[in-house]
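# An overview of the molecular structure
The lines below spell out each chain.
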Number of protein chains: 2
Amino acid sequence: MQKSIEVCLTPALLDLYAIEDSIVVVIDVLRATSSIVYGIDNGAAAIIPVANVEDCLDYSDKGYLLAAERDGQVVEEYDFGNSPFSYTQEKVGGRTVVLTTTNGTKALHMARKRAHQVVMGSFLNLHALCNWLKTQDKSVLLLCAGWKDKFNLEDTLFAGAVVAELRKDFTHFDDSSVAAEDLYALAKNDLRTYLHKSSHSHRLAELNIEEDVKFCLQLNLCQAIPVLEGDALVSLKVTQSL
Amino acid sequence: MQKSIEVCLTPALLDLYAIEDSIVVVIDVLRATSSIVYGIDNGAAAIIPVANVEDCLDYSDKGYLLAAERDGQVVEEYDFGNSPFSYTQEKVGGRTVVLTTTNGTKALHMARKRAHQVVMGSFLNLHALCNWLKTQDKSVLLLCAGWKDKFNLEDTLFAGAVVAELRKDFTHFDDSSVAAEDLYALAKNDLRTYLHKSSHSHRLAELNIEEDVKFCLQLNLCQAIPVLEGDALVSLKVTQSL
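Residues numbered from 1 in each chain as written. Chains lettered and ligands numbered in written order. Predicted model: local features only at pLDDT ≥ 70, side-chain atom pairs only at ≥ 80, totals over all residues. Heavy atoms only, no water.

Let me state the cut-off plainly: UniProt positions are given in the numbering used here, feature names are shortened, and annotations may be inferred rather than shown by experiment.
As annotated in an unreviewed UniProt entry, chain A carries the name Probable 2-phosphosulfolactate phosphatase and comes from Pedobacter ginsengisoli. Per its UniProt entry, chain A bears the Sequence similarities (unreviewed entry) comment "Belongs to the ComB family." Recorded in UniProt for chain A, the comment headed Catalytic activity (unreviewed entry) runs: "(2R)-O-phospho-3-sulfolactate + H2O = (2R)-3-sulfolactate + phosphate".

## Section: unusual backbone geometry
The condition that has to hold: Comment: elements are numbered from the N terminus, with helices defined as DSSP H or I runs of at least four residues and strands as E runs of at least two.
Cis geometry is adopted by the peptide bond preceding Arg 31 of chain A, which originates at Leu 30 of chain A and carries an omega value of 10 degrees. Locating Arg 31 of chain A in the fold gives a position in the loop between β2 (22-27) and α1 (32-41). Within the chain, Lys 148 of chain A stands out as a residue other than glycine whose phi angle is a positive 50 degrees. Mapped onto the fold, Lys 148 of chain A is located in the loop between β8 (139-144) and α6 (153-166). A positive phi angle, close to 75 degrees, is found at Asp 149 of chain B, a residue other than glycine.

## Overview of the packing of helix α5 (residues 126-135) of chain A against α6 of chain A
All names here are of chain A. Formally: The axes used here are C-alpha line fits, helices contributing only the stretch in contact, and every angle between their N-to-C directions lies in the interval 0 to 180 degrees. Any angle that falls under 35 degrees is termed roughly parallel, while one over 145 is termed roughly antiparallel, one within 65 to 115 roughly perpendicular, and all others oblique. Handedness of a helix crossing follows the sense of rotation of the near helix relative to the far helix, less than a right angle counterclockwise being left-handed and clockwise being right-handed. Here, residues are in contact when the closest pair of their heavy atoms is within 4.5 Å. Three residue categories are used. Nonpolar comprises Ala, Val, Leu, Ile, Met, Phe, Trp, Tyr, Cys and Pro, charged comprises Asp, Glu, Lys and Arg, and polar comprises the others, including Gly.
For the pair α5 and α6, interaxial distance at closest approach is 10 Å and the crossing angle is 50 degrees. Taken together, the axis directions place α5 and α6 in an arrangement best described as oblique. As α5 packs across α6, the resulting crossing turns out to be right-handed. Each of Leu 126, His 127, Leu 129, Cys 130, Leu 133 and Lys 134 in α5 lies in contact with α6, whose residues at this interface are Phe 158, Ala 161, Val 162, Glu 165 and Leu 166. Partitioned by chemical class, the residues of the contact of α5 with α6 number eight nonpolar, one polar and two charged.

## Overview of the pairing of strand β7 (residues 117-121) of chain B
Residue and element names in this part refer to chain B. Under the convention used in this document: Each residue is placed in one exposure class: buried if its accessible area under a 1.4 Å probe, protein chains only, is under 20% of its type's maximum, exposed if it is over 50%, and partly exposed if it falls in between. The pairing criterion is simple: DSSP has to find at least two bridges between the two strands.
Most of β7 is tucked away: four of the five residues are buried. Pairing geometry for strand β2 (residues 22-27) and β7, over five bridges, is parallel. Note that in β7 the partner of Val 24 across the bridge is Val 118.

## Observations concerning the interface of chain A and chain B
Note the threshold: By definition, the buried area sums, over both parts, the 1.4 Å-probe accessible area that each loses when the two are put together. Definition used for salt bridges: Asp or Glu carboxyl oxygen within 4 Å of a side-chain nitrogen of Lys or Arg. Contacts described as polar in this section are N or O atom pairs within 3.5 Å, which, within protein, must combine one atom able to donate a hydrogen with one able to accept it, while residues neighboring in sequence count only if both atoms come from side chains.
Facing 26 residues of chain A, the contacting portion of chain B comprises 26 residues. Between chain A and chain B, roughly 2100 Å² of surface is buried when both sides are summed, and carbon and sulfur atoms account for 65% of that area. Ranking the residues of chain A by area buried against chain B places Lys 150, Phe 151 and Asp 175 of chain A at the top, with a combined share of 28%. There are four salt bridges connecting chain A and chain B. Glu 6 of chain B is the salt-bridge partner of Lys 150 of chain A, the closest N and O atoms lying 3.8 Å from each other. Between chain A and chain B we count six residue pairs in polar contact (both at pLDDT 80 or more) in total.

## Some remarks on the pattern of salt bridges
Residues and elements named next belong to chain A. Following the criterion strictly, the structure yields 20 salt bridges over all chains and no others. Across the pair Arg 192 and Glu 210 runs a salt bridge, and its minimum N-O distance is 2.7 Å. Here the residue Arg 192 occupies a position in helix α8 (residues 191-195), and Glu 210 occupies one in helix α10 (residues 210-216), the gap between them amounting to 18 residues. The exposure class of Glu 210 is partly exposed, given its relative accessible area of 27%.

## Here we look at the packing of aromatic side chains
Residue and element names in this part refer to chain A. Short version of the rule: The rule is short: rings of Phe, Tyr and Trp, with Trp giving its six-membered ring, pair when the centres are within 6.5 Å, and they are stacked under 30 degrees, edge-to-face over 60, tilted in between.
Scanning all chains against the criterion turns up twelve aromatic pairs over all chains. Plain terms: the ring middles of Tyr 38 and Phe 215 are 4.8 Å apart, the flat faces sit at 70 degrees to each other, and that makes the pair edge-to-face. One end of the pair, Tyr 38, is in helix α1; the other, Phe 215, is in helix α10, with 177 residues separating them in the sequence. Phe 215 shares its class with Tyr 38; the two are buried. Following the ring pairs from residue to residue traces out a cluster consisting of Tyr 38, Phe 85 and Phe 215.

## Re α1 of chain A
Here α1 of chain A lies mainly inside the structure; nine of its ten residues are buried. Looking one or two places after α1 of chain A, you find Gly 43 of chain A, whose phi comes out positive at around 90 degrees.

## Considering the relation of the copies chain A and chain B
Counted only if it meets this: Fitting of the copies onto one another was done by least squares over C-alpha atoms, counting residues only where both copies have pLDDT of at least 70.
Taken as rigid bodies, chain A and chain B are interconverted by a rotation of 180 degrees and an axial shift of 0.0 Å, the fit giving an RMSD of 0.0 Å. Both copies of the chain, as the preceding transformation shows, are related through a two-fold rotation axis. For chain A, the smallest separation between a C-alpha atom and the rotation axis is recorded for Leu 183 of chain A, amounting to 3.5 Å. When you check the interface residues of chain A against chain B, 100% turn up at the interface there too, and the contact is symmetric in its surfaces.

## Overview of the pairing of strand β6 (residues 96-100) of chain A
All names here are of chain A. Among the five residues that make up β6, five are buried, leaving the element largely enclosed by the rest of the structure. Alternating residues of β6 divide into Thr 96, Val 98 and Thr 100 and Val 97 and Leu 99, and every residue in both groups is buried. One ladder, built from four bridges, connects strand β3 (residues 46-49) with β6; its direction is parallel. Within β6, the residue paired with Pro 49 across the bridge is Leu 99.

## Re the side chain of Ser 35 of chain A
All names here are of chain A. Turning to its location among the elements, Ser 35 is positioned in helix α1. The buried category is assigned to Ser 35, whose relative accessible area is 0%. When sequence neighbours within four positions are dropped, the list of residues in contact with Ser 35 reads Asn 82, Ser 83, Pro 84 and Tyr 87.

## Let's talk about the environment of Ala 46 of chain A
All names here are of chain A. Summarising the element assignment, Ala 46 is placed in strand β3. Note on Ala 46: relative accessible area 10%, which makes it buried. For the pair Ala 46 and Leu 221, spaced 175 residues apart in sequence, the C-alpha separation works out to 19 Å. The residues contacting Ala 46, other than those within four sequence positions of it, are Ile 40, Arg 95, Thr 96, Val 97, Ala 232, Leu 233 and Val 234.

This is the structure in structure tokens:
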């Protein structure tokens, strides 16, 4: 089978892509998909992504943890936001988390309407994700969450890391894949320094989440691949999928 | 004044940018804006960009040259399409050309609704354009025409060339500017070879326009900066603007 990789640089462009028969990898490296990967890896039963802060409240009497972030900050009165340090085994093990974020959950909700399958990607599960994608007879769309529908560097770099790992196993790459792969090659020896060029990086620095950023840029800390099943993200059973 | 540069990677994202007080540079390197720059440089009185092939016909009894390209090919019965070799002094000197193209004129029509000023950029007028932008007290949006609303490499590379030339004179750069500049740094020693990676390049190769591509990738062949005045692109009077 001819398998293609395409990179959709922001959710605002998603309608241009035929994804009905593709696996869509949602990418919001700083910090939503990193935290989701880490939380599922740490034994969270499920993470339910919702579009709006208000939607979280619908789940408030079910014993779920409520997580809400807007513009990089925890929304008042919620259990936590999207810092990966909130998604430790101690905090989320066995629990269900309801989560809304500025960009990541929006991208996810757009993708789920049409995609064959929706999974989460981050540097934390890069190898696990790529090894699984290689075994699937499907084309892949890497969907960068971006920042408020604009291009951002960190999500594009991760898309480039995936393209680099999958190059030998796929046959067609679009222009944004080529660009992402080349940018990742430039940046990979020191992602943190490279991202200092980024406008989003400056925004994040102002929010005092430098430790979060360092954490999210670690490669291959996790084996989990969160997959959307119904309304919830759960751990993909990779052995069954092979 | 704080002057910023932003790169809008496709016209589909233009609504996200505040351009009311900015100069928008429309970029469709292969081949619309290259041909427009070359035509104006060669003494075309004006080039009128229209949105649709049918709109060209409204001008058919006015003695204008009619140029129409769709999907890379000259539309039947038109004088020519958007090959730069049709825009020589012999062919267009003193004449007015009415032009529609797949991506470039669409981007231009979107920009003109809101921008302070709209000019055309291509490798052919890189230095002339940048030298003029440096003297203006305006922020700049580099608008890549892309390919059917998707990202393409060649327009992004040219945007990166502009960012590189303007870096010292501007104060703020968005993430897509950073990416474009870094990609141009990778590609600039051999643009043609780099673009062989591009899907659009393969499309163009099939159309037998390799000579056009080579022509459009030449730097600084022209001094003209086409600027939109009313409905027509004419030569910017740079000396008056200084």
